Amino acid sequence: MELSVNGSKTYCYTGGKPFDADQPTVVFIHGVLNDHSVWILQSRYLAHHGWNVLAVDLPGHCRSSGQAPSSVEEAADFIAALLDAAGVQRAALVGHSWGSLIALEAASRLQERVSHLVLVGTAFPMKVSQALLDSSLNEPMKALTMVNVFSRSTLAPPPSALGPGTWVYGASLALGRRVLASNTAVNVFHRGFKACDSYANGEAAIQAISCPVLFVLGAQDQMTQPRAAQPLISAAHNSGKTVQVASLPVGHHQMTEAPDATLFAIRDFLKS
Amino acid sequence: MPGYSDPGFDTLALHAGAAPDPATGARAVPIHLTTSFVFESSDHAASLFNLERAGHVYSRISNPTNAVLEQRISALEGGIGAIATASGQAALHLSIATLMGAGSHIVASTALYGGSQNLLHYTMRRFGIETTFVKPGDLDGWRAAVRPNTKLFFGETVGNPGLDVLDIEAVSAIAHEAGVPLLVDSTLTSPWLIKPFEHGADLVYHSATKFLSGHGTVIGGLVVDGGSFNWDQSGKFTELTEAYDGFHNMVFSEESTVGAFLLRARREGLRDFGACMSPHTAWLILQGIETLPLRMARHMSNTEKVVAFLASHPLVARVGHPMLESHASHALAQKLLPRGAGSVFSFDIRGSRTQGKAFVETLKVFSHLANVGDCRSLVIHPASTTHFRMSDDALAGAGITQGTIRLSIGLEDPDDLIDDLKRALKAAGNLEKAGA
């Protein structure tokens, strides 16, 4: 469905079900050079199992207009505005990679309005090498290939998004190219990476959240290695949060390399 | 640099889509000869039917062995996914039927396999889909043929059997100006010789019966989506961009930003038309693909030697292979097909049709049959077989005469192939001396 957020057209995939304000809501937030479609399976399942789903295209990405966020904080403000625009008082936030930082920051700002926080493929700090930052700006196709290689752990993923016969490695490359091409004003690749790299409020944010948090990590993740999530996990534990960690035997694209395991981790956590 | 995580073509040909079977440890891909797959629960069943979870339901729609093949060809082509079909013709039909209905129009190359020309010129027309045929190199012709209801451009990487090389970059640019995708039949080249997506094609299909299988054992097809065409932006494909009440009111282009075509092709086309591939066939094609790089290299080296022999033989009027400077597509082939323009080509014997017949019937190593891309060398007379339904004008458009002989060069010792051709040409020459 389309919403007007901050005066700009914003697209949210609702999982094939109409939005129902009486149901609990879960917001899915994608990472750099992704869009709502990376969550197809998880979002469609939840939409047919009692949840409102808002799998958003961030501003300036694919079907959403507006200025692409240049910082995690700016994107978190957008998520707050999105909930207002949808008339949602309380929601679970699920974010992947860059989206996990956006979800985290939004949860810290929205406090009781966030019921659950799920951080998939997260790290803090989420530093991006200068070489990759430069490459994303100057040679985006080369950088996209590099990121895709780092994000994958197998040449033989199980049946995944789009169903059997999908070559998820190629699908990710194609999606990255499409997202990059969708914004002719700004290089959303570089802008997204820059936002990840410069985000400094992670530990403070996780200490400030008022909801339980689930970490869904890929044991073979080379983009956000599991050990890079430890500062957030420790900070959450140390500040008395309810913390769950799901370690999956996959790389950075948990949603496509382990679609069922990722779904079950999220589903079971949302039931808690 | 390709490394473990960024494998090259030869590695993908062996490993893409396949890992040791977690249930048994089997290293080779198991053949899943089963019609159906047990549901864990009613909820699991409902979730699979509604595309909330990925998995197999019924082998007409998907099958684990076929899925490995589909991933493998996608990896080799640089696509996002594929669908295995009962034949190459089924792959072409599935592509067309997914993208359009009655009242639509296709612009296609004149240099097509006879079966494809037949499908477009006669059969699809009966279902309300018209085709305008354009010489593959006539770029103005491609542009001029576009109508408001045009939905697809279609050509072969190298046209059968004249080997007119399709200028994929130029033709795809015209297609995209018109807001339609370019579908390319890459059967004769395989991804080892060219990856059409890298040059602008949007969809690629194969008769996997040919080089991918490579052993002349099974019939099968594969259609691969490059994930590059923006169906929403085009505005011409409501089949993909508006709710489809035949499948959960799904809007395929919302469901998947890059995979709308494959979603509808599988969920409608395979489901309703049912031209699926047997898992046993998929397994045999996988066996073939594992050695595709090795075979293609040998196909090409043998072809170079045979072409050189024929080009210098006094009884041969013309050899139609782009490796020769005399071929109209020589320059384009050098650019698009640096490893070679395939091992299927035609040549003309000087003299009568009777001599041509004697030539074919004298061959012993070459098999006289209707196929190409086998590991064995093959020969056929197109005008009386593969292209026999075409008029003389249409034949001429495809670069075929009554005296044209088509060869498919296999993997035998090249000296044996040349000896065989030498004997057959001598037999044809003796007829000329005898006044036949």
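Residues numbered from 1 in each chain as written. Chains lettered and ligands numbered in written order. Predicted model: local features only at pLDDT ≥ 70, side-chain atom pairs only at ≥ 80, totals over all residues.

### Digging into the overall build of chain A
Right, on to step 1. Along chain A, the regular secondary structure elements total 11 helices and 8 strands.
Right, on to step 2. The C-alpha extent of chain A, read off along each of the three principal axes, is 45 × 40 × 40 Å.
Right, on to step 3. In chain A, buried positions account for 59% of the 272 residues.
Right, on to step 4. Here the analysis covers contacts within chain A between residues at least 6 apart in sequence; of these, 76% occur between residues at least 24 apart. (Helix = DSSP H or I, 4+ residues; strand = E, 2+ residues; numbered from the N terminus. Buried ≥ 20, exposed ≤ 12 C-beta atoms within 10 Å, placed from the backbone. Contact = placed C-beta atoms within 7 Å.)

### What to know about unusual backbone geometry
Right, on to step 1. A cis amide bond, omega -5°, links F124 of chain A with the succeeding residue P125 of chain A.
Right, on to step 2. Its location among the elements puts P125 of chain A in the loop between strand 6 (114–120) and helix 4 (130–138).
Right, on to step 3. Positive phi, close to 55°, is recorded for H248 of chain B, a residue that is not glycine.
Right, on to step 4. The exposure class of H248 of chain B is partly exposed, given the 16 C-beta atoms found within 10 Å.

### Examining the domain arrangement of chain B
Residue and element names in this part refer to chain B.
Right, on to step 1. Assigned domains of chain B: these are domain 1 (9–288) and domain 2 (293–433).
Right, on to step 2. For domain 1 and domain 2, the distance between their C-alpha centres works out to 29 Å.
Right, on to step 3. Taken residue by residue, the interface counts 30 residues in domain 1 and 36 residues in domain 2.
Right, on to step 4. Of all the elements in the fold, those that place two or more residues in the side of domain 1 that touches domain 2 are helix 1 (9–15), helix 5 (114–126) and helix 8 (190–193).
Right, on to step 5. By residue class, the composition of the side of domain 1 that touches domain 2 is 13 nonpolar, 12 polar and 5 charged. (Domains from an automatic or database assignment. Nonpolar A, V, L, I, M, F, W, Y, C, P; charged D, E, K, R; others polar.)

### Description of the sheet that holds strand 8 (residues 316–320) of chain B
All names here are of chain B.
Right, on to step 1. The 5 strands lie next to each other as 8-9-12-11-10, forming an open sheet whose pairing is mixed. Of all strands in the sheet, those bounded by a partner on one side alone are strand 8 and strand 10 (367–368).
Right, on to step 2. Relative to strand 12 (residues 404–408), strand 9 (residues 344–349) runs antiparallel, the two being bridged by 5 bridges. Bridge pairing in strand 12 places F345 opposite L407.
Right, on to step 3. Packed on one face of the sheet, helix 14 (residues 292–311) meets strand 8 and strand 9 and runs near 150° to strand 8. (Pairing = 2+ DSSP bridges. Axes fitted to C-alpha atoms, helices over the stretch in contact; angles between N-to-C directions.)

### Notes on the interface of chain A and chain B
Right, on to step 1. At the interface, 32 residues of chain A touch 41 residues of chain B.
Right, on to step 2. Breaking the side of chain A that touches chain B down by element, the ones donating at least two residues are helix 1 (40–47), helix 6 (168–182) and helix 11 (259–271) of chain A.
Right, on to step 3. The greatest single-element share of the side of chain A that touches chain B, amounting to 6 residues, is contributed by helix 6 of chain A.
Right, on to step 4. Taken together, the residues of the side of chain A that touches chain B break down into 18 nonpolar, 9 polar and 5 charged.

### What to know about the packing of helix 4 (residues 88–99) of chain B against helix 5 of chain B
Residues and elements named next belong to chain B.
Right, on to step 1. The geometry of helix 4 relative to helix 5 is characterised by a closest axis approach of 10 Å and an angle of 40° between their N-to-C directions. The angle between the axes of helix 4 and helix 5 places the two elements in the oblique class. Helix-helix and strand crossings are classified by hand; for helix 4 and helix 5 the assignment is right-handed. Contacts from Q89, L92, H93 and I96 of helix 4 reach helix 5 at G115, S116, L119 and M124.
Right, on to step 2. Looking at side-chain class alone, the contact of helix 4 with helix 5 contains 4 nonpolar, 4 polar and no charged residues. (Parallel < 35°, antiparallel > 145°, perpendicular 65-115°, else oblique. Left-handed = near helix turned anticlockwise from the far one by under 90°.)

### Digging into the nonpolar core
Looking at soluble globular proteins, one finds that nonpolar side chains tend to be buried together.
Right, on to step 1. In this structure, L93 and V94 of chain A are the most contacted members of the largest nonpolar core, which totals 220 residues.
Right, on to step 2. When residues of this core are sorted by domain, at least three fall in each of domain 1 (9–288) and domain 2 (293–433) of chain B.
Right, on to step 3. For V94 of chain A, the contacting residues outside a window of four places in its chain are V26, V27, F28, I29, A103, V118, V120 and I266 of chain A. (Core = buried A, V, L, I, M, F, W, Y, C linked by C-beta atoms within 7 Å.)

### Description of the pairing of strand 6 (residues 203–207) of chain B
Residue and element names in this part refer to chain B.
Right, on to step 1. Of all 5 residues that make up strand 6, 5 are buried, and the element is covered over most of its length.
Right, on to step 2. Across the two faces of strand 6 the burial is the same, with L203, Y205 and S207 and V204 and H206 all buried.
Right, on to step 3. By the bridge criterion, 3 bridges tie strand 5 (residues 182–185) to strand 6 in an arrangement that is parallel. Within the sheet, the bridge partner assigned to V184 lies in strand 6 and is V204.
Right, on to step 4. Of the strand pairs in this sheet, strand 6 and strand 7 (residues 221–225) are connected by 5 bridges, and their pairing is antiparallel. In the strand pairing of strand 7, L203 is matched with D225.

### Description of the sheet that holds strand 6 of chain A
Residue and element names in this part refer to chain A.
Right, on to step 1. Strand order in the open sheet formed by 8 strands is 1-2-4-3-5-6-7-8, with mixed pairing between adjacent strands. Two strands in the sheet have a free side with no partner beyond their single neighbour: strand 1 (2–5) and strand 8 (243–248). Averaged over all adjacent pairs, the angle separating strand axes in this sheet is 25°, with direction ignored.
Right, on to step 2. Bridging between strand 7 (residues 213–218) and strand 8 involves 6 bridges; their strand directions are parallel. Looking at strand 8, one finds that L217 is bridged to S247.
Right, on to step 3. Its contacts with the sheet put helix 3 (residues 98–110) on strand 3 (25–29), strand 5 (91–96) and strand 6, and the angle it makes with strand 5 is roughly 150°.
Right, on to step 4. Contacts from helix 9 (residues 230–238) reach strand 7 and strand 8 within the one sheet, and its direction differs from that of strand 8 by about 155°.

### Let's talk about the pairing of strand 7 of chain A
All names here are of chain A.
Right, on to step 1. Counting buried positions along strand 7 gives 6 out of 6 residues, so the element sits mostly inside the fold.
Right, on to step 2. Side chains of strand 7 alternate between two faces, with V213, F215 and L217 and L214, V216 and G218 buried alike.
Right, on to step 3. For the crossover that starts at strand 7, traverses helix 9 and ends in the parallel strand 8, the hand is right-handed. (Right-handed = clockwise from strand over helix to strand, strands pointing away.)

### Regarding helix 5 of chain B
Helical geometry: 3.6 residues make up each α-helical turn, so side chains three or four residues apart lie on a common side.
Residues and elements named next belong to chain B.
Right, on to step 1. Look at helix 5: 17 Å from first C-alpha to last across 13 residues, which is about the 18 Å you get at 1.5 Å a residue.
Right, on to step 2. Of all the bends in helix 5, the largest measures some 35° and sits at L120.
Right, on to step 3. If you check which residues of helix 5 are buried, you get G114, S116, Q117, L119, L120 and M124.
Right, on to step 4. Next to the buried residues of helix 5 lie helix 4, strand 2 (105–109), strand 3 (130–134) and strand 5.
Right, on to step 5. Just beyond helix 5, the residue with positive phi is G128, at close to 85°. (Expected span 1.5 Å × (residues − 1). Bend = angle between axes of the 7 residues up to and from the residue.)

### What to know about helix 7 (residues 168–177) of chain B
All names here are of chain B.
Right, on to step 1. Taken as a whole, helix 7 has its buried residues at I168, V171, S172, I174 and A175. What you see down the axis of helix 7 is that its buried residues fit within an arc of 155°, all on one side.
Right, on to step 2. Buried residues along helix 7 sit in contact with helix 6 (139–144), strand 4 (150–156), strand 5 and helix 15 (330–336).
Right, on to step 3. The positive-phi residue at the C-terminal boundary of helix 7 is G179, with phi of around 75°. (Arc of directions from axis to C-beta.)

### A word on the packing of helix 2 (residues 72–86) of chain A against helix 3 of chain A
Residue and element names in this part refer to chain A.
Right, on to step 1. In contact at an axis separation of 8 Å, helix 2 and helix 3 are set at 60° when each is read in the N-to-C sense. The angle between the axes of helix 2 and helix 3 places the two elements in the oblique class. The two elements helix 2 and helix 3 cross, and the hand of that crossing is right-handed. When helix 2 is examined against helix 3, the residues V72, E73, A75, A76, I79 and A80 are found in contact with a partner set consisting of L101, I102, E105, A106, R109 and L110.
Right, on to step 2. For the contact of helix 2 with helix 3, the per-class residue count stands at 9 nonpolar, no polar and 3 charged.

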